[in-house]
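# Chains, contacts and geometry: an overview
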Number of protein chains: 2
Amino acid sequence: MGYKIAVVGATGNVGREMLSILAERAFPADEVVALASRRSQGTEVSYGDKTLKTKALDTYDFSDVDLCLMSAGGEVSKEWSPQIAAQGAVVIDNSSAWRYDPEVPLVVPEVNAEALRDIKKGIVANPNCSTAQLVVALKPLHDRATIKRVVVATYQSVSGAGKDGMDELDRQTKALYSLQDVQEKKFPKRIAFNLIPHIDVFMEDGYTKEEWKMTAETKKILDPKIKLTATCVRVPVFISHSEAVNVEFEQPITADEAREILRAAPGIMVVDKREPGGYITPHEAAGEDATYISRIREDITVENGLAFWCVSDNLRKGAALNAVQIAEAMANRGLLKAKKQAA
Amino acid sequence: MGYKIAVVGATGNVGREMLSILAERAFPADEVVALASRRSQGTEVSYGDKTLKTKALDTYDFSDVDLCLMSAGGEVSKEWSPQIAAQGAVVIDNSSAWRYDPEVPLVVPEVNAEALRDIKKGIVANPNCSTAQLVVALKPLHDRATIKRVVVATYQSVSGAGKDGMDELDRQTKALYSLQDVQEKKFPKRIAFNLIPHIDVFMEDGYTKEEWKMTAETKKILDPKIKLTATCVRVPVFISHSEAVNVEFEQPITADEAREILRAAPGIMVVDKREPGGYITPHEAAGEDATYISRIREDITVENGLAFWCVSDNLRKGAALNAVQIAEAMANRGLLKAKKQAA
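Residues numbered from 1 in each chain as written. Chains lettered and ligands numbered in written order. Predicted model: local features only at pLDDT ≥ 70, side-chain atom pairs only at ≥ 80, totals over all residues. Heavy atoms only, no water.

Per an unreviewed UniProt entry, chain A carries the name Aspartate-semialdehyde dehydrogenase and comes from Microvirga makkahensis. What the UniProt record of chain A gives under Catalytic activity (unreviewed entry) is the line "L-aspartate 4-semialdehyde + phosphate + NADP(+) = 4-phospho-L-aspartate + NADPH + H(+)". In its Subunit (unreviewed entry) section, the UniProt entry covering chain A states "Homodimer." (UniProt positions renumbered as here; feature names shortened; annotations may be inferred.)

### A closer look at unusual backbone geometry
Of note in this structure, R295 of chain A is not a glycine but carries a positive phi near 55°. As for its placement among the helices and strands, R295 of chain A is situated in strand β13 (residues 291-298). Classification of R295 of chain A by relative accessible area gives buried; the value is 3%. Of note, the phi angle at T146 of chain B is positive, near 60°, even though the residue is not glycine. Note on placement: T146 of chain B falls in the loop between α4 (129-145) and β9 (147-155). Residue T146 of chain B is classed as partly exposed on the basis of its relative accessible area, which comes to 29%. (Helix = DSSP H or I, 4+ residues; strand = E, 2+ residues; numbered from the N terminus. Buried < 20%, exposed > 50% of the residue type's maximum accessible area, 1.4 Å probe, protein only.)

### A closer look at the relation of the copies chain B and chain A
For the pair chain B and chain A, the superposition axis carries a translation of 0.0 Å, the fit reaches an RMSD of 0.0 Å, and the rotation angle comes to 180°. Both copies are brought into coincidence by an operation consistent with a two-fold rotation axis. (Least-squares fit on C-alpha atoms with pLDDT ≥ 70 in both.)

### Some points on the interface of chain B and chain A
In this assembly, 58 residues from chain B lie in contact with 58 residues from chain A. At the boundary of chain B and chain A, one finds ten salt bridges. A salt bridge links E248 of chain A to R149 of chain B; the nearest nitrogen and oxygen atoms lie 3.0 Å apart. For the pair chain B and chain A, the interface holds 38 residue pairs in polar contact (both at pLDDT 80 or more). Only β9, α5 (163-177), β10 (227-231), β11 (241-249), α8 (282-285), β13 (291-299) and β14 (305-312) of chain B provide two or more residues apiece to the side of chain B that touches chain A. Residue composition of the side of chain B that touches chain A, grouped by class: 27 nonpolar, 14 polar and 17 charged. (Contact = heavy atoms within 4.5 Å. Salt bridge = Lys/Arg side-chain N within 4 Å of Asp/Glu carboxyl O. Polar contact = N/O pair within 3.5 Å; in protein donor to acceptor, adjacent residues only side chain to side chain. Nonpolar A, V, L, I, M, F, W, Y, C, P; charged D, E, K, R; others polar.)

### Quick notes on the domain arrangement of chain A
Residues and elements named next belong to chain A. The domains assigned to chain A are domain 1 (3-127 + 320-342) and domain 2 (130-312). Each of domain 1 and domain 2 was reduced to a C-alpha centroid, and the two centroids are 26 Å apart. On the domain 2 side, the residues contacting the 15 residues of domain 1 number 19 residues. With both chains or domains summed, domain 1 and domain 2 bury close to 1,500 Å², and 62% of this area falls on carbon and sulfur atoms. For the domain 1 face of the interface with domain 2, the top three residues by lost area are N13, Y100 and V111, together amounting to 39%. Applying the counting criterion to the domain 1 and domain 2 interface returns two salt bridges. With its nearest N and O atoms 3.0 Å apart, the salt bridge here joins E217 to R99. Inspection of the domain 1/domain 2 interface yields seven residue pairs in polar contact (both at pLDDT 80 or more). Ranked by residue count, the leading element in the side of domain 1 that touches domain 2 is helix α3 (residues 109-112), at three residues. Classifying every residue of the side of domain 1 that touches domain 2 by side-chain character gives eight nonpolar, three polar and four charged. (Domains from an automatic or database assignment. Buried area = accessible area lost by both parts, 1.4 Å probe.)

### A short note on the packing of aromatic side chains
According to the stated counting rule, one finds 15 aromatic pairs over all chains in the structure shown. When the centroid spacing of 5.3 Å and the interplanar angle of 80° are considered together, the rings of Y60 of chain A and F62 of chain A count as edge-to-face. No difference in accessibility class separates Y60 of chain A from F62 of chain A, as the two residues are buried. Here the aromatic rings of F238 of chain A and F193 of chain B are separated by 4.8 Å at their centres, their planes lie at 45°, and the arrangement is tilted. Of this pair, F238 of chain A sits in the loop between β10 (227-231) and β11 (241-249) while F193 of chain B sits in the loop between α5 and α6 (209-221), on two different chains. An aromatic cluster is defined as three or more aromatic residues linked by ring pairs; in this entry it consists of Y155 and W309 of chain A together with Y155 and W309 of chain B. Lying over the aromatic face of Y207 of chain B, R297 of chain A brings its terminal NZ or CZ to 4.5 Å of the ring centre. (Phe/Tyr/Trp six-rings, centres within 6.5 Å; stacked < 30°, edge-to-face > 60°. Lys NZ or Arg CZ within 6 Å of the ring centre and 35° of its normal.)

### Details of the sheet that holds strand β12 (residues 268-270) of chain A
Residue and element names in this part refer to chain A. Here six strands make up an open sheet; going across it, the order is β10-β9-β11-β14-β13-β12 and the pairing mixed. Looking at the sheet topology across the chains shown, the edges are occupied by β10 and β12. For this sheet the average axis-to-axis angle between neighbouring strands, irrespective of direction, equals 25°. Here three bridges tie β12 to β13, and the two strands are oriented parallel to one another. Bridge pairing in β13 links M269 to Y292. The strands that helix α6 (residues 209-221) touches are β9 (147-155), β10 and β11; relative to β10, the one it contacts most, it runs at about 155°. (Pairing = 2+ DSSP bridges. Axes fitted to C-alpha atoms, helices over the stretch in contact; angles between N-to-C directions.)

### Concerning the pattern of salt bridges
All names here are of chain A. What the rule picks out here adds up to 60 salt bridges over all chains. When the shortest N-O distance is used, the salt bridge between R316 and D289 registers 2.9 Å. Highlighted residues: R316 in helix α9 (residues 316-332) and D289 in the loop between α8 (282-285) and β13, separated in sequence by 27 residues. When salt bridges that share partners are traced, they join E17, E24, R25, D289, R316 and E328 into one network.

### So, the state of the cysteines
Throughout the structure, instances matching the rule amount to zero disulfides over all chains. For C232 of chain A, which is in no disulfide, the shortest distance to another cysteine sulfur is to C129 of chain A and amounts to 8.9 Å. As a non-bridged cysteine, C310 of chain B has C129 of chain B as the owner of its nearest cysteine sulfur, 12 Å distant. (Disulfide = S-S within 2.5 Å.)

### Examining the environment of R333 of chain A
All names here are of chain A. The residue R333 is located in the loop between α9 and α10 (339-342) in this model. With relative accessibility at 35%, the residue R333 sits in the partly exposed group. Sequence separation of R333 and T281 is 52 residues, and the distance between their C-alpha atoms is 35 Å. Setting aside chain neighbours within four positions, we find R333 in contact with A113 and R117.

### Overview of the packing of helix α1 (residues 13-24) of chain B against helix α9 (residues 316-332) of chain B
Helices that pack against each other are described as a pair by the angle of their axes relative to one another and the distance between those axes. All names here are of chain B. Two elements in contact, α1 and α9, have axes whose closest approach is 9 Å; the angle formed by their N-to-C orientations is 50°. In terms of axis orientation, α1 runs oblique to α9. As for the relative orientation of α1 and α9, their crossing is right-handed in sense. For the pair α1 and α9, contact is made by V14, E17, M18, I21, L22 and E24 and by R316, A319, A320, L321, A323 and V324, respectively. Classifying every residue of the contact of α1 with α9 gives nine nonpolar, no polar and three charged. (Parallel < 35°, antiparallel > 145°, perpendicular 65-115°, else oblique. Left-handed = near helix turned anticlockwise from the far one by under 90°.)

In structure tokens:
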């Protein structure tokens with residue numbers, strides 16, 4: 001017995017990854033449907049070794065859907081998630097539309113799976129990609145030594161901006177090598193062989209929304225007392241986000257202790273040899289599930305300070321994998337009901 | 001009347017840039033000679049609209065050289081700088097060989113030109129590329145509000161690793177687009193569409209030498225009381241280093257005040273519009289002299305905190321330009337004598 005699952009936004013980077021991860025992890029499904037806008041209707045997408053034909057979201061009948069994985073952007077989610085939830089499906093949404101709603105849990109299963117017990121609106125929010133991997137790394141350290149403040153600089157891949165972002169890096173790189181004009185469409189400046197210190201919109205205080213999200217989401221998922229300041233930068237890498245992280249703790253913690261704690265923590269792989277190549281790069285983390293931690297060292301410029309390097313596949317732990325893990329955590333806790341079984 | 005100038009390491013990235021900047025800024029020269037290893041003997045390099053044939057360092061007679069700009073690596077500098085200085089030339093060295101010697105001033109003219117008055121060994125050290133642009137930015141802020149601690153994450157271009165670094169990014173990118181094997185020679189992991197969180201050798205405490213240099217050099221150039229912690233990362237960008245910087249001050253300072261102070265400071269261009277494109281990217285800073293500051297904002301996670309983004313051409317301000325500026329500062333202060341004039 002399994003669930004009827006709808007994946008909305010099935011033709012995007014994250015939607016395709018959701019389908020692939022559902023199959024890979026053998027999530028119990030009686031039926032999986034791929035949904036997208038009318039524009040993408042008919043597009044074929046893979047679910048394991050099956051091929052699904054994408055159907056139109058706006059004419060689909062959700063009445064016997066148990067679980068809906070949404071990755072269709074904030075506007076679509078604001079309109080559709082409540083309607084789908086009203087028909088009795090649990091919606092796990094990858095956009096930022098519901099993340100800051102106090103009645104919607106924002107969940108990274110390794111960190112706060114218990115928040116899934118209270119889903120008033122039938123919607124669970126998936127965090128921002130940069131936040132997901134960071135809180136996986138911070139949680140076990142916070143449990144041990146209580147985090148006061150985090151300073152993070154990100155190195156975010158173009159796939160975080162969707163398929164268009166990947167296409168733009170590819171197109172611009174080719175143009176540079178064929179002496180053609182480099183055109184900027186998706187990003188405000190050239191991204192090929194360049195960096196853009198700006199992701200999402202600018203806010204009043206000079207921070208970008210992406211930077212604000214990392215602060216707000218870390219507080220909601222992990223602990224509202226944690227102070228976090230971020231600089232978010234787009235880099236010419238296709239997949240995986242990387243982060244240079246400095247943490248100040250209440251209690252003392254050595255680099256060796258942190259390494260042991262992180263090694264034992266769920267979802268984490270420590271690769272930290274202090275020699276050339278003894279660390280993880282984003283290219284190596286692409287396609288992997290783990291959050292990789294390298295370069296763990298004491299930061300003696302502050303009391304109880306640590307620094308580390310954190311890399312994870314932004315389409316997987318940062319999006320699709322985390323959404324499927326939320327569904328698994330709900331199923332395991334008996335919080336996800338199959339309508340057919342119930343009937 | 002001008003000086004006789006020798007540029008050692010004239011065929012490298014920085015050596016070529018030194019020659020080009022000497023010409024560009026019309027540094028008073030009666031004669032400029034290009035020197036390099038025997039291997040590069042005969043290689044032609046440009047000095048303004050002239051072409052110089054590179055001569056061998058080890059057979060060159062320095063007796064009437066007034067000024068020697070060295071960019072030939074630490075080992076060559078350790079051997080040759082004292083010999084050249086003993087013949088009465090001022091040596092401005094771009095390697096790390098002399099930077100931490102208490103008898104050798106380490107100078108960024110905008111910050112500590114007064115240190116040039118005391119050159120016991122006849123050698124002046126040019127700082128590490130990442131440090132030079134950072135102290136240009138920190139100096140005016142330190143004068144105003146006294147810096148306590150700096151957290152910096154770098155995004156360093158491959159040209160910082162020399163011509164071989166640029167060739168490797170180029171070669172690997174082409175290989176990826178022509179479905180050939182990607183080979184790693186210069187860097188320990190692939191750099192094309194990837195990041196490497198490791199520059200220079202690893203040290204006992206888990207920091208890299210590049211990270212240690214930023215701390216040690218900022219203390220020596222600006223103020224030994226400043227605490228600085230760095231994460232240095234190589235990025236697939238050809239020219240210009242970028243830095244995400246968080247600073248904690250003794251006294252309060254607002255983002256607006258910082259912007260005004262930086263606008264008025266020497267060597268700095270502020271580009272900070274808080275809108276898409278309203279900041280500088282490394283590609284735009286390449287070939288420019290300024291240290292560019294963008295994304296200036298208050299960091300409310302700490303008392304008197306500021307964050308900003310700092311970009312500069314690592315071959316110019318980070319190396320060749322700073323060396324020529326040191327020579328200019330010495331000439332202007334009467335600290336650089338022309339032997340012919342003196343005779």
